[in-house]
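Topology and contacts: notes
Chain by chain, the residues:
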Amino acid sequence: LEQLLCALCTPICKEFGIDLQQIQQQTQEQVHLNQPQPQPELKGQGFSKEVCRSMIAMLDKDNSGGLGFDEFKTLWIDLRNWRAVFRLYDTEGRGAIPAHSLRDALHSAGYTVNAHVLNVLAHRYGSSDGYIQFDDFIMCSVRLKTMIANNEPLENLERELQLNS
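Being a predicted model, the structure only gives us computed values, none of them experimental. (Residues numbered from 1 in each chain as written. Predicted model: local features only at pLDDT ≥ 70, side-chain atom pairs only at ≥ 80, totals over all residues. Heavy atoms only, no water.)

1. Looking at the nonpolar core
Counting residues in each nonpolar core, the largest one holds 31 residues, and the members touching the most others are Met-55, Trp-82, Leu-102, Leu-106, Leu-121, Phe-137 and Ile-138. Contributing elements (two or more residues each) for this core: helix H3 (49-59), helix H4 (69-89), helix H5 (102-108), helix H6 (115-125) and helix H7 (134-149). Beyond its immediate chain neighbours, meaning those up to four positions away, Leu-102 contacts Leu-118, Leu-121, Ala-122, Ile-132 and Phe-137. (Core = buried A, V, L, I, M, F, W, Y, C linked by side-chain atoms within 4.5 Å. Buried < 20%, exposed > 50% of the residue type's maximum accessible area, 1.4 Å probe, protein only. Helix = DSSP H or I, 4+ residues; strand = E, 2+ residues; numbered from the N terminus. Contact = heavy atoms within 4.5 Å.)

2. Comments concerning the pattern of salt bridges
Summed over the entire model, instances satisfying the criterion amount to four salt bridges. Of the charged contacts, one joins Arg-94 and Asp-129 as a salt bridge, the two residues approaching to 3.1 Å between their closest N and O atoms. One end of the pair, Arg-94, is in the loop between H4 and strand S1 (96-98); the other, Asp-129, is in the loop between H6 and strand S2 (131-133), and 35 residues separate them in sequence. Overall, the relative accessible area of 42% leaves Arg-94 in the partly exposed class. The class of Asp-129 is partly exposed, set by a relative accessible area of 42%. Taken together, the shared-partner salt bridges connect Glu-92, Arg-94 and Asp-129 into one network. (Salt bridge = Lys/Arg side-chain N within 4 Å of Asp/Glu carboxyl O.)

3. Here we look at the UniProt feature "domain: EF-hand" (unreviewed entry) in the protein
In the numbering used here, UniProt assigns the "domain: EF-hand" (unreviewed entry) feature to residues 47-82. Within the segment residues 47-82, helix and strand shares are 69% and 0% respectively, and the terminal C-alpha atoms sit 14 Å apart. (UniProt positions renumbered as here; feature names shortened; annotations may be inferred.)

4. A look at the packing of aromatic side chains
Any pair of aromatic rings gets described here by the distance separating the centres and the angle formed by the planes. The full count for this structure, using the stated rule, is three aromatic pairs. Both rings, one in Phe-86 and one in Phe-134, keep their centres 5.1 Å apart while their planes meet at 70°; by these two values the pair is edge-to-face. One end of the pair, Phe-86, is in helix H4; the other, Phe-134, is in helix H7, and 48 residues separate them in sequence. The burial state of Phe-86 is the same as that of Phe-134; both residues are buried. Judged by centre distance (5.7 Å) and plane angle (45°), the rings of Phe-86 and Phe-137 are tilted. Residue Phe-86 is found in helix H4, and its partner Phe-137 is found in helix H7; the two are separated by 51 residues along the sequence. (Phe/Tyr/Trp six-rings, centres within 6.5 Å; stacked < 30°, edge-to-face > 60°.)

Shown next, in the form of structure tokens:
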């Protein structure tokens, strides 16, 4: 994902005088993680349509159905942070984190949720084998960020997730 986005964005960024490597270094300095070393590159097929739509909806403030450069930059930084957190908790290298590590992973990503919300998230985004795939972790993070950004109470998230389950 990172290589694809870099390949697509580098020519555009150069036109505007933006140095992606400088942004990348700033992003790495902003991620404060306190767990084991991250695993190598994640394996997968990319994001599902649902996750892509949710990411765009999360940042599409003008309801244009797309992202401007600043919105894209925000998404890029969030994805890098969430990916770093996910890698940190994917200690088995299977491209999934154990559902029991969700609280710590979300905390490392900057979110604090109560036990009930955590339980609902683990059931909604976890699989029957007790793991949360990368795609689902991103979707969970997007949903939490959206709720927080819109100042919605977490009770609405609980209700919504229970209805969708």
